[in-house]
Structures are given as structure tokens and as C-alpha cells.
Amino acid sequence: MIEQSESPEPDAKEQVPATQFKVPRFRWRSLGRLTLKELRETLRDRRTVVTLVLMPLLVYPLLSLAFHRFLLLYFEPGETIVHIGFVSEDDVEVFQTLVVRGHRLLSSEGDDEPSDVPAPLTAPGMETGGADSAKSSSDSLPEFLMCSDADEMEAMLLAGRIDVGVQVIKSDGISVFELTYEDTSPNSLRGLKFIVDRFRIVNERFGRRLARQFLRQPGLPAEFERKRISSDSPGGVSLAIVLPLILVLMTITGAVYPAIDLTAGERERGTLEALIAAPVPRLALLSAKYFAVVIVAQLTAIMNLIAMAVTVIASGLAQYLFPGGEFSLLVVIQIMGLLFLFAGFFSAVLLVITSVARSFKEAQAYLIPIMMLSIAPGIVSLVGDLELAQWYAVPLLNMVLFARDLIEGNADPMSGVKAILTTVVYTMAAVAVAARLFGADAVLYGAQSSWKDLFRRPAQPIDGPSLSGSVGALAVMFPIFFLIGGLMRQLELSKLQEFTLAGIFSVLLFALFPVVLCLAFRLRISKTLPLRFPHWTGLAAGVLWGLTAWMFAHEILIASQYLGIVMLDEEKLAERLAGIEQELVKWRELPLIVILLSQAIAPAVCEEIFFRGFLYRGLERSTSILSALLWSSLLFGAFHVVSGPVLTLERFLPSTLLGLLLGTLRLRSGSLVPGMVMHALSNGLILSTAYYSDKLQAAGWGVKDADHLPMTWLLVATLAVGAGGAILFGKLAPRATMDPNKIE
Amino acid sequence: MITVKQLTKSFQTDGQEILAVDQISFRVLPGEVYGLLGPNGAGKTTTLRMILGLLPADSGYAEVEGFRTTVHSNEVKARIGFVSANTGLYQWLSVRELLHFFADLYGVPQAEVGDRIERLDELFSIGQFLNQRCSTLSTGQRQRVTLARALIHDPPVMLLDEPTLGLDVVGSQVVFEYIQHVREIGKAIIVCTHRLEQAERICTRFGLMHLGRLAYEGTLDEVREKTKCHSLVDIFLGLIERDEKTLGESTTAGDQFNMATDHIEPDSPEASGHD
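Okay, so let's go over this structure. Everything numeric here is computed off the predicted structure, so don't read it as measured data.

Below, the discussion takes up the environment of A:Leu106. Residue and element names in this part refer to chain A. Summarising the element assignment, Leu106 is placed in helix H3 (residues 89-107). Overall, the relative accessible area of 27% leaves Leu106 in the partly exposed class. C-alpha of Leu106 to C-alpha of Asp197: the two residues are 91 residues apart in sequence and 8.3 Å apart in space. Not counting residues within four places of it along the chain, the set of residues in contact with Leu106 comprises Asp197, Arg198 and Ile201.

Strand pairs in the sheet, formed through backbone hydrogen bonds, run parallel or antiparallel to each other. Residues and elements named next belong to chain B. Strands sit in the order S6-S7-S8-S3-S9-S10 across an open sheet of six strands; the sheet is mixed. At either end of the open sheet lies a strand with only one pairing partner, and these are strand S6 (80-83) and strand S10 (213-218). Averaged over all pairs of adjacent strands, the angle between their axes in this sheet comes to 15°, without regard to strand direction. Against the sheet, helix H5 (residues 139-151) makes contact with S6 and strand S7 (157-161), and its axis sits at roughly 165° relative to S6, the strand it touches most. Lying over the sheet, helix H8 (residues 220-227) contacts strand S9 (205-210) and S10, oriented at roughly 115° with respect to S10.

With that settled, the discussion passes to the environment of A:Ala343. Residues and elements named next belong to chain A. Mapping Ala343 onto the fold places it in helix H11 (residues 329-356). According to the relative accessible area criterion, Ala343 is buried, its value standing at 2%. Apart from residues no more than four positions distant in its own chain, Ala343 is found in contact with Thr251, Val294, Ala297 and Gln298.

Residue and element names in this part refer to chain A. The tally for this structure, following the rule as stated, stands at 25 salt bridges over all chains. Between Arg269 and Glu41 there is a salt bridge, and its shortest N-O distance comes to 3.4 Å. In this pair, Arg269 is assigned in helix H7 (residues 264-269) and Glu41 in helix H1 (residues 31-44), connecting sequence segments 228 residues apart. One exposure class covers both Arg269 and Glu41, and it is buried. The partner of Asp197 in a salt bridge is Lys193, with the nearest N and O atoms 2.8 Å apart.

Right, let's get into the nonpolar core. Ranked by size, the top nonpolar core spans 209 residues in total, and within it B:Phe26, B:Ile51, B:Leu105, B:Leu159, B:Tyr178 and B:Ile190 carry the most contacts. Element by element, the count of residues in this core is highest for helix H9 (residues 282-314) of chain A, at 16 residues. B:Leu159 has contacts with B:Ile2, B:Leu48, B:Ile51, B:Leu52, B:Ile80, B:Gly81, B:Phe82, B:Val83 and B:Ile190, leaving out every residue within four places of it along the chain. Counting residues in each nonpolar core, the second largest holds 23 residues, with A:Val99, A:Leu192, A:Phe194 and A:Val202 among its members.

Once that is clear, we can look at the packing of helix H4 (residues 110-124) of chain B against H5(B). All names here are of chain B. H5 packs onto H4 with a crossing angle of 140° between their chain directions and a minimal axis gap of 10 Å. Relative to H5, the element H4 lies oblique. You can see that H4 and H5 cross each other, and the crossing is right-handed. Residues Leu120, Leu123 and Phe124 of H4 form the contact with H5, whose own contacting residues are Arg144, Leu147, Ala148 and Leu151.

All names here are of chain A. A surface patch of nonpolar side chains, amounting to about 550 Å² of accessible area, comprises Leu43, Phe291, Ile295, Leu299, Ile302, Ile306 and Val310. It is H9 that provides the largest number of residues to the nonpolar patch, a total of six residues. On the secondary structure map, Leu299 appears in helix H9. Looking at Leu299, the relative accessible area reads 33%, which means it is partly exposed.

How each quantity is defined
- Residues numbered from 1 in each chain as written.
- Chains lettered and ligands numbered in written order.
- Predicted model: local features only at pLDDT ≥ 70, side-chain atom pairs only at ≥ 80, totals over all residues.
- Heavy atoms only, no water.
- Helix = DSSP H or I, 4+ residues; strand = E, 2+ residues; numbered from the N terminus.
- Buried < 20%, exposed > 50% of the residue type's maximum accessible area, 1.4 Å probe, protein only.
- Contact = heavy atoms within 4.5 Å.
- Pairing = 2+ DSSP bridges.
- Axes fitted to C-alpha atoms, helices over the stretch in contact; angles between N-to-C directions.
- Salt bridge = Lys/Arg side-chain N within 4 Å of Asp/Glu carboxyl O.
- Core = buried A, V, L, I, M, F, W, Y, C linked by side-chain atoms within 4.5 Å.
- Parallel < 35°, antiparallel > 145°, perpendicular 65-115°, else oblique.
- Left-handed = near helix turned anticlockwise from the far one by under 90°.
- Patch = residues over 30% accessible without salt bridge, like charges linked within 9 Å, V, L, I, M, F, W, Y side chains within 5 Å.
- Areas by Shrake-Rupley, 256 points an atom, 1.4 Å probe, with all protein chains shown as cover.

Here it is, written out as C-alpha cells:
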């Protein structure tokens, strides 16, 4: 038998000598320097430089050559004739005159001044010229076809029987040629270019003549507007949408290498263990890596955009690719913004994958399917007629659809904001997951499956979730909440069913889910979700604030609307108010207790369990009490902005204020119960006044949504909130109410 | 001071539970160099990783200056200077940048970092290659940088895992001098090594690990007294021979422990079942 040592047995109860060592705490503000180190390391690596500089320098000129070849086939076909459709016979004559003039001017370009440039379309005495006199070197004159009406013209255009449809319309009192083209058809683009080239030169010469003669004439002779229509056929792909997709691909390329190098590379180089042995939260380490990857990805995107723009302009491809003139500076800036968001999300996803890998090779093997998967939404968005409003919650797809809508100039701001918000939430979730996986035992010491680390139960109970754990839980709940809300609205349920289901989902998502997480990860429920009966001072403050704080929230809401912090314009607001009135009629068919239980008490109890329990505890353990209070309140406010069927930005400030009060209650009382009381009372009062609004109105107590509250009410509320604060922070409250288990 | 009490860790490998560290207890006081010795696979590195909080213990605990690793992991990490067997460095950073990075990780105030680097230069003569990229350093230079990195935050406790691995005589001498220095300035040190002749030179007390258990513990004289052997090498050979007899295994000690990583233990479940 092996002899057990005769070592001096340490006595756990023995006093430990006080240490002289001062432990400096990690400061989040040094995150910048950590990021800088990661960037320095990445940017000095020649593999990054190749992706960042050489790739764009080589790819775009080569691509432009290929495009040129492709476009030449369509645009310079020699004897191909442009087919132009008209609705009115009258238009044909005017159009023909101008095109022939342009044709002649083009073929004699460089000559001094033509003598027979026609007067404006609207001007009397318009000259006509002989069609036979124009002879271009490469283009034959177009063929004209008549269509019965505008619809038939579009149908013929889509069928490819005509290349461009022409119609004279009135715009601001001036006759204008509306040139309808199909943006996915090379022939149509070619036809458009044929006409535009000729109109332009006619206008230009006319302008010169006008300037010379000081003539004042309304409009140009060949005033025109482009009108784009798109084919639904699967083969039709607009080049203007393909380009952002190429940019997306290049951004991905830029992010991949640093993501692998900064995570799996740490393990391969043997630096990971020393890094994990440092007293720094994993989320901080991972955040520094994340920012570095995003910056490199964005730099790659910028380099690519510059290379692409220079190539497109220098090679003269712009006029073919963007005959509609979409390549404006605004669009470029918008696309850059979206690329930034895309890079942010994609980098986070990359880090999740590469954090699990133990070597470069392993990471590359994981990434190939992910890259294929990330291209799929782009392809889907090109061929289908998907709407952003419906698909805003699908990552990557939402960004591509938003980019498409921006380029086409018909982006819906509401859906755009939703797409951006959901992407930000997914990004947070991915960073949190990556932080949990990065440097996990299995990755560090080479065990078989490191995904298990996500669900690893610690050997001993711990006092609360980690920062990444609580943020991860929040990020999982957001999309589920949206999904359930959306589904319920589509199901056409009765009010009773809707309220019951909403109550059940509140319990499942905000209460049961954190409890399950506590049990699964051995988090002490007494510390994470403290439901102990509080001291009476906590309860008293909760009741006082619950009865009155909503009045301040109401005033802040009105102030927010006054300041213009609203997502709804007046028309929509009126619509919504009318909708609320209708809702109230339906509500009153139900007993008040059902509404209070499902809409006031259940959400109050459950949201407290999550926001002031699970989320607050995770934030508190990794940051400070004050930042936990602030961040949990801000997230609570943000949650109420996006929780309804429409975005209500004006709810942010009042909900954040309530969050701060609720957090203070939790902090001072050490229990969630006072917050639940306050939250339920506050919700209950608002709902009850709405329920009885007509009766209150009749009794002269009514308050409309957009009205200020009477001054006496606000005075009472101020006194009550002050009294609550005095009770909570005064001598009556027990001293040691703050949670003593502040760790790390 | 480092306190380890009843520390136990097992791993699941191919569905089998392997006991890597089995209820070990010891204590290291300031100014002591504790040699945690044993063949590859004895459980030394796993023990160090548990003290550092990189691996959770199944039972038992480790404390550094009164802070328990499982509860106050960052307090513990901040008090430890860790030199791992792997001297991996960030190849694109200069030595100075690397030291600044670790100073940041350990919260050393920016204003102090320059002075600390100067002091480390006096100790390890790293000044000549401070501005050189890490990728250009020789093995000995890399080891000196790794030792300097572990001292940048001036911790009261040092954990060194096979610090002379791959070093020649001159390189090893630098490590010995380093350990001597940190002992003199009152730090509590644990050195893991399987090079017993080196351990004899530098350690003040020893813990001899085998098959996850602490077989003998004490000063060199105390261990000699217990085992009636003169050198650590003889003590170990005797220990391995005795365990082989106990376990009735035909495999040699060399076969049994010639594993690359610490926690991958002998294949047969019997091999790890003691007493």
C-alpha cells in the first residue's frame, strides 16, 4: 500500500496571515489596450496583409476584366437592334426625332456646334429631322413597337419582347420621357444606355445653346426619368445586388483568418494557458479579440469597397452596372454601415466556432460549412421576393434584405431598426457563448468534445451566473420572446386565450427558464434569485413606489414624445390609439382579475426573477453593484421598447427609470419580493385605470394617454417616492441588506 | 502561502473514470521551494492547474493566501506567477510589448511597467532583445522571457511546471538562479519536475507523487530517513517497483507513464484503483 504522507495537515480553520499583496482589479477601460495588442499581432502577420491589401488589389481588376468580357457580349453585339415599346403614337414621333438627333450628334462628336438641336419637348415649333441622316458606327437605329397600355408594355418588357418602354408623362408641369427598363436583363440595360446616351448629348448641346443665347426655356428637350422594374424569374439577378454580396464575401474572408489566429492559434502557439491563468474575465479577453476581428474585417471591407469603386469607375463599368444611378455616396455609406453590422455579427459567430477548435486545421474544417451557410441567405434573397418586415429576425438574411431595400430606395425604417436590433442581440449572444467556450478545460487540455463545456455542471455550487452566462440567457430569450409574440398574433386567439397564453409564456420564459439554468449549472438559487421574505422597510418602499412611480413614468413618456423620441408618426399614433380603444372594448368583456393576473402580476413576478434576479446577479458578479444596477435597468428599458408588436422607443426612458427603482429595491432589501410588489402594483394600476377609463372619465378622473397628470397627483407621487426612499435608506432599514457575497 | 487539502480530480477517458489526483494535502510557506516530483502522468501538472483554478477539483480544495481557488478565482490568479512547461510566446510582438500586455492583464499600473521591466532586465538580462520580435528569440531567450513574464506583477506565489524542459545546462542554470532569487525574496514556490537531480539542488521540501497520490513528503533528509535510500532517483525507483508489485502489473514504469499529457492515465481501471 502506498504510504500516506506525514505532511503537516493544513487546518481549514486556522487563521490565514493577512497578505501584503495588493491585488489590482482588472479594469474594463484597459480593454482598449488589450484590443490594440490583438490588432498589432494580427496586422503584423503577413497572412492578414495578403487578405487585406493584395486580395482586393488583384480580385477586382480581374473581376472587372471578366465583367467586361461578359458585358461586351451584351453591349457591343454589332448589329443588335434595340426594341422600344410605346403606348402612344404621338410619343413615337417626338422620341424618334430626339433619338435621331442624339444619334447624329454622337457620330459627329467633337464637331463644333450643331445647328439643328431641337427645342424642348414642350416648346412649340419643334423641328423634326430625317432618320436616315444619322449613322452611328456601332449601333443601328431602334425598332419601335406599339403597346395597348402601360401594363402591356411592362408585360412585354418582362417577356423580353421589348428592351425599353417609353411613355411621356407630366412631371411638375413638364413633359418627361419615362424610360422603363428591366434591371436584370442585359438587353434592357443596353437599350436604356442607348437612349440615355443620345438624350444626354441632345440635352447637353441644347444647354450650351441656351447659355449662349441667354434664352429662358422651361426644361430640356429630352427630359427623361428612368423607371426600373424587376423580373421575378429565378434567372434574373440584378448586378447592383450582386456587388454587395461580393463585399459580404470579402468581409467574411477578412474576418476568418484573425478569428482563427486569435483563438485556436493561442492554443496552437502554447500561449492559451498563460492567458487563461491571468485574473481577467474571459468575456474581457474574448471582447478584445472580438473587437480586433471586427476591425480587421471592416478594414478588409473598406479596402474592398475602395478597390471595387476605383475599378468600377476606372473601367467604365459603372454605367453598365448602375444604369439607374444607384451607386451614390449615400448608398455607399449605408452599405458600409450594414457591412459593419454584418462584420460584427459574423465575427462573433466565427469566434464561437474557432474558440472550440484546438488548431488552425480544426478551425478551418469547422468554418467551411459555416461560410457556405452564410452565403445561402444572400442567394435566397436574390432569387426570392422575401420581405424584410417578415424576415427581420433571421440573421444574415435580414442584413442582405435590408441592403437590397436600401439600394432600391424602398427600405422600411421600422423593419430596418428591428433587423439591426436583433442582429445586435444575436451578436451579444454569440460573444457570450464564445467567451464561455474560449479557454475551456477541454480546449485547453485537449479532451474530446469541448461543446460539452457549454453545459458543464460545476463540481461545487456557485453563487451566481457568470457575466457571459447571464448575457447569453438574455440573448436566448429575446428571439424566443419575439417568435412567440409573432406566432400568437397570427393565431387569431380570443382575448381570454391570448391572455392565458401570454401569462403562461411569461412564467415559462422569465421564471422557469432562469430556475432551470440555476439547477442545471448549480447556481445557488438563494443568491441568484433571492426570494426570501424581506424586511418591512423594503415592502413599504415597494408599495409606495408601486402606487406612485408610474406617474413619473407617464410624464417621462409624454416628455419623450414631446422630444420626438417616437417611432410612430402622428397618423400611426392615432391609428394605434384607436386600436387601443378597440382593445379596451374587448378587454372589458373579461373580468378584471384575469387581466391583472396575466398582464400585471405574472409579468411583474417573472420579469423580476429574470431582470433583477438572474441578469442582475450575473452583472454584479463581474462588474460592480452600480454598473449592474445601471445595465440591468437599461436592458429592462430596451426590452420594453421591442417587446410589443411595434417598436415603441418612447418607452425606453420610463421603463429604464422603473428598472432603476426596482433594482434599488433588490439591492437594498436583498430580496426580489419588494420589486415584485412594486412592479405588480404599477402594472395593475395602469391596467385598472385603462379598464375603467370610461367610468373614470365620467367621474371626472379620466386621464388620456397624451395628457399631463394633475399637479396634485404629481406632488403626492413626489412625496410618496421620497418617503419610500427615506424608508429604504433611512435608519429603520437593517444595515446589512446588501448582498455580502460580492465575488471577483 | 499555499494550502492544498484532500484535493481530488478524476477524468473520463473513453467512458472510464481515471483518478488523476487522489486526495493530496500539503502546504507551502513563504520562502519555501516545494518540489512536486514524479514521473510523467503522476498528477503533478493536474495539481498545479487545480491550484491555479484552471481545472475544477472534484473534491477537496486549494487556497492561496487564504483565498480558495473555486470561490475567489481572480484573487488567486492575481497572486500567482505561473511558468508553464510550454514557453509559447506571441511571435509578432516584441518582448517589451509582450511584457506590457501581461502587465495589463495583471492590472499593473502603466506608470510602473517601465521600472518593472528594468528590474527584470537586471535579473534576466533581457535588455539586449527587449525590442526584438519574440519569433526571433532562441530557446534560452524564450525561457528567460517566460520567467520574466511570470514576475511582472510581483506575485507572492510562484508555480513552475517543468521550467527546465528543453533547456541546456546554461539555460537550466538561469532557471536555478531564478528560483533561488524568488525564494530569497520570500515567495512561496512550487516546482513540478521529473528531473530529480535538479530538484535535489533547488528544493527545500519535496512531495513525491505517484499514480495521483502523494507517496512521501518532507525535506530530503526526512524522505531519506523514511525510505532508507540516499538519492531521489533511488527513492523513486523503489517506489515504482513497490507499486508495480502491489498492482500486479507486468508493465514497466516507463511504459506506464510515458504519456504526453498529465491526466491521461494508465489504461486499465485497476491501475488507478489504490488501497
